[in-house]
Amino acid sequence: ITYKAVVSTQSTGMKPLVSIRAHSKIVYCQRLSDLAQHVMLDRLDIPLEVRAHDKNLRARSVDNMTNTTGLGNWMGQSEIPAFSQPGYMRVFGGTLVETDEVPSVITDCIDYLSLTNNIKEEGLFRRCGNATELKAIKESYNTGQNIDLNNYCPHTIAATLKTYLRELTIPLLTFEAYPTISSWTDFPADTQIVLCKKLLDNIPPVHYCCLRKLVLFLNKVISSSTQNLMTSQNLSIVIGPNLTWSRHTITTLADINNINSFTQYLIDNPHLFERETNNTVSGVVPTTSVTS
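These numbers come from a predicted model, not from an experiment.

Asker: Looking at this structure, how should I read the packing of aromatic side chains?
Answerer: Two descriptors summarise a pair of aromatic rings, namely the distance from one centre to the other and the angle between the planes of the rings. Counting across every chain of the model gives 7 aromatic pairs. Both rings, one in tryptophan 184 and one in phenylalanine 187, keep their centres 6.4 Å apart while their planes meet at 70°; by these two values the pair is edge-to-face. Residue classification places tryptophan 184 among the buried positions, given a relative accessible area of 2%. Plain terms: the ring middles of tryptophan 184 and tyrosine 265 are 5.3 Å apart, the flat faces sit at 65° to each other, and that makes the pair edge-to-face. On the criterion of sequence distance, the pair formed by tryptophan 184 in the loop between α9 (178–181) and α10 (189–202) and tyrosine 265 in helix α14 (residues 253–268) is long-range, its members being 81 residues apart. Tyrosine 265 gets classed as buried once you look at its relative accessible area, which sits at 17%. Linked through ring pairs, Trp184, Phe187, Phe262 and Tyr265 together constitute an aromatic cluster.

In structure tokens form, the structure reads like this:
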């Protein structure tokens, strides 16, 4: 319907409801299972009426099962869900505690984006990537296939990194740190430094390794802000919400502002990550925890 509206208005001279450029970024989802491939449903306030309608659609799909596995048309799909298939490693939508080192998807994306031409790309992390290419990249990592990121544009790889962080089962900054971060601007500057150091000392080692690598890279991004137009404030707005969220409540606009402020604080203060690492948990040099 949207596409027809765009095309038909071109011949009349009327302004289309959705521009051609915007239309190319639209992904159509008929069921919640389709939407779950792009966003985390448990973080959305989905109306009960929508959930009930989706349940009815799934019931109809079950009635229409035809393949011998008993899983045909599962959730409206014609084949077994990807996460049920052999060889599916669940890189996206998994956890960090299952590994002893920085996941390859983080290392690969940061290494690619650190290249001179890529890090200077205007609007890096702010502009949208290609949704179809992003889906293909996720599938490659989840199935253990070799992938050459040089075949994709910087914006798609930046979107891949944000998506990986957003889909973690446990956020990079952890659920436990959320109360402090979501109240960040309530604390005076001298208290913030103490709380930040304590927070970094208390997150799991693998989370610290990943966060350190990410923040040091983001600090390099802002060093090229004259070319990419991405300051620490701009980066915090598009990166911050992917680093932490509440386990039980809907994140408010005030919470997001605090999360962004905390993210900017990290980007502007890379010296906070004084512990050297070699990308493995065992490579973290321990420090004495700072107490308040």
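Asker: Even after reading the chapter, I still don't get the packing of helix α7 (residues 131–142) against helix α8 (residues 154–166), so can you show me in this structure?
Answerer: The angle between the axes and the distance between the axes are what describe a pair of packed helices. Packing of α7 against α8 leaves a shortest axis separation of 10 Å and a crossing angle of 55°. In terms of their interaxial angle, α7 and α8 are classed as oblique. Pair α7 / α8 crosses with right-handed handedness. On α8, the residues that touch Glu133, Leu134, Ile137 and Lys138 of α7 are Thr156, Ile157, Ala159, Thr160 and Thr163. By residue class, the composition of the contact of α7 with α8 is 4 nonpolar, 3 polar and 2 charged.

Asker: Explanation requested: the side chain of serine 140 in the structure shown.
Answerer: Take serine 140: it is sitting in helix α7. Note on serine 140: relative accessible area 12%, which makes it buried. Apart from the residues within four sequence positions on either side, serine 140 is in contact with Gln145 and Ile147.

Definitions and cut-offs
- Residues numbered from 1 in each chain as written.
- Predicted model: local features only at pLDDT ≥ 70, side-chain atom pairs only at ≥ 80, totals over all residues.
- Heavy atoms only, no water.
- Phe/Tyr/Trp six-rings, centres within 6.5 Å; stacked < 30°, edge-to-face > 60°.
- Buried < 20%, exposed > 50% of the residue type's maximum accessible area, 1.4 Å probe, protein only.
- Helix = DSSP H or I, 4+ residues; strand = E, 2+ residues; numbered from the N terminus.
- Axes fitted to C-alpha atoms, helices over the stretch in contact; angles between N-to-C directions.
- Parallel < 35°, antiparallel > 145°, perpendicular 65-115°, else oblique.
- Left-handed = near helix turned anticlockwise from the far one by under 90°.
- Contact = heavy atoms within 4.5 Å.
- Nonpolar A, V, L, I, M, F, W, Y, C, P; charged D, E, K, R; others polar.

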